[in-house]
Amino acid sequence: MATKRVRLPGPPPSAGSGSTLLTIEFPVEQPFLPTREHARFVEFAEACAHYRYIGVCHGRPGVGKTRSAREFAKFPDLTGYGAMDPIGPALAHQIAQCRAVFYTVAISNTPKSIDLLLGNGVLKIGFARMTVATGSYEGATYEKARLACPLVIVDEADRLTIKSLEHLRDMADRHGFGLILMGMPGLEKRLARYAQLYSRIGFVHEFKPLTETEMRLLLATHAADFAITFDPTDLDAIEAQAAVIRITRGNFRLMERIFAQMRRIMTLNHVEAVNTEIVQAARDCLVIGSGN
Ligand SMILES: Nc1ncnc2c1ncn2[C@@H]1O[C@H](COP(=O)(O)OP(=O)(O)OP(=O)(O)O)[C@@H](O)[C@H]1O
Ligand SMILES: [Mg+2]
C-alpha cells in the first residue's frame, strides 16, 4: 500500500505556453474494442437496413454510440470523389466494406444543408457501390444509385430542427433507405410528437453502458492503450481496478478520461504501479456529472 501522499497535477499551463512534459495527450484514437453492446447495435442496424425502417438509437453520453456506428458503417471519405469518377483499388475496397452512410448533424441545420451534405453522400456512395459491384458505370442511373444505399445513420439527431426531421423522413421515403436516428435518451419521446415520422419507426434501441463483467474483461486491454497495467497478482492493482469499474460505471468516455488522468498522475509521482489512491486522485481531477 502506498504511504506517500499522491501529488496532483498543478494548474494548467498558461495560454500559449504549449504542452508541458506532464501534459499527456492522446490525439490518436484508441483501437476499437468489440463489445456486446456493439454486437447488439450491429443486429439493430442490419434490421433497419433490411426492412428499410426508421430506427432510433439512444444512449447516455460517452457509452460509445458514435464509435460503434462508425465502426459498423465504415463510411469512406468521399470528399475528393465525384459520382462516375474512376475508382482506384484502395477506395474500391473501402466502398465494398461500407454498410451505411454516416452523417453527423451540424448544430445549425436546414433541409438545404442536409440535402447538400447527406443527399450528395447517398448518391455518391450509391454510384460508387454500383460501379464497384459491376465494374462499370454502364446502366447506372440516379434511381438505381439511390436504391444502392441501404442505410443512413444520422448522429447527433437531437440537433435536428422540426423542418430538418420532416425533410429526413421525406428523403427516407423517396430514396427508400433505412434510417437510424442516434442521440441522447429522450430522443424517442421527442420524436413521438411528429406523427408521420413516428408511425414509420420500426425499432427503438437503447445503447447501454458496459456491464461490470464485460468491463473486467476489457479493462486490461483498454488500460494498456493508455500505458496502464493492472497486475492481476497484485492486491493494490486489483483494488484499483475495482475502483475504476465503480467510478466509470461502464462508460467508455469516463474510462478514457480517468486513464488519461491516472497516467498523468503516475508520471508526476514517478510511479508505475497503480493503486486506489491514484484512481481516487484521478477521479478528483474529473468532472463527473449525473448524465455520465
Ligand atoms: N468499442 C469501443 N472501443 C474503443 N473505444 C471506444 C469504444 N466505444 C467508445 N469508445 C471511445 O469512447 C469515447 C466515447 O465514445 P462515443 O463518442 O462513441 O460516445 P457517444 O455515446 O457517442 O457519446 P455522445 O452521446 O456524447 O456523443 C470515444 O473516445 C470512443 O473512441
Ligand atoms: Mg456521439
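Since we're looking at a predicted model, the values are computed, not measured.

Draft legend 1. How the structure looks around the site of ligand 1. Near ligand 1 you find 15 residues, and of these Leu33, Gly62, Lys65, Thr66 and Glu256 are the closest. Contact distances for ligand 1 include 3.3 Å between an oxygen atom and a backbone N or O atom of Val63. Thr66 is positioned such that a nitrogen or oxygen atom in its side chain is 2.7 Å from an oxygen atom of ligand 1. Considering ligand 1 on its own, with 630 Å² of exposed area, one finds that the protein chains cover 87% of that surface. A molecule is said to occupy a pocket when more than half its atoms come within 2 Å of that pocket's grid points, and by this definition ligand 1 occupies the largest pocket. In terms of residue class, the shell around ligand 1 is built from 6 nonpolar, 3 polar and 6 charged.

Draft legend 2. Region of the structure containing unusual backbone geometry. Positioned with a positive phi, Lys74 is a non-glycine residue whose angle comes to about 45°. Relative to the assigned elements, Lys74 resides in the loop between helix 2 (65-73) and helix 3 (89-97). Residue classification places Lys74 among the partly exposed positions, given a relative accessible area of 37%. Backbone geometry at His270 places phi at a positive 55°, although glycine is not the residue there. The residue His270 is located in the loop between helix 11 (252-268) and helix 12 (276-284) in this model. With relative accessibility at 72%, the residue His270 sits in the exposed group.

Draft legend 3. Main features of the layout of surface pockets. In this structure, the largest pocket encloses a volume near 670 Å³. Lining the largest pocket are 37 residues; nearest its centre among them are Gly62, Gly64, Arg67, Phe252 and Arg253. Put simply, the parts of the chain that give the lining of the largest pocket at least two residues each are helix 1 (36-51), helix 2, strand 4 (178-183) and helix 11.

Draft legend 4. Geometry of the pairing of strand 4. Here strand 4 lies mainly inside the structure; 6 of its 6 residues are buried. Alternating positions in strand 4 separate into two faces, Gly178, Ile180 and Met182 on one and Leu179, Leu181 and Gly183 on the other, with burial throughout. Alignment of strand 1 (residues 54-58) against strand 4, held across 5 bridges, turns out to be parallel. In the strand pairing of strand 4, His58 is matched with Gly183. Of the pairings in the sheet, the one linking strand 3 (residues 151-155) to strand 4 comprises 4 bridges and is parallel in character. Paired with Val154 across the strands is Leu181, a residue of strand 4.

Procedures and definitions
- Residues numbered from 1 in each chain as written.
- Chains lettered and ligands numbered in written order.
- Predicted model: local features only at pLDDT ≥ 70, side-chain atom pairs only at ≥ 80, totals over all residues.
- Heavy atoms only, no water.
- Near = heavy atom within 4 Å.
- Polar contact = N/O pair within 3.5 Å; in protein donor to acceptor, adjacent residues only side chain to side chain.
- Areas by Shrake-Rupley, 256 points an atom, 1.4 Å probe, with all protein chains shown as cover.
- 1 Å grid on protein atoms, 1.4 Å probe; cavity = no way out; pocket = protein on both sides within 12 Å on 5 of 7 lines; lining within 4 Å.
- Sits in = over half its atoms within 2 Å of the grid points.
- Nonpolar A, V, L, I, M, F, W, Y, C, P; charged D, E, K, R; others polar.
- Helix = DSSP H or I, 4+ residues; strand = E, 2+ residues; numbered from the N terminus.
- Buried < 20%, exposed > 50% of the residue type's maximum accessible area, 1.4 Å probe, protein only.
- Points joined across faces, edges and corners; volume = space filled by probe spheres on them.
- Pairing = 2+ DSSP bridges.

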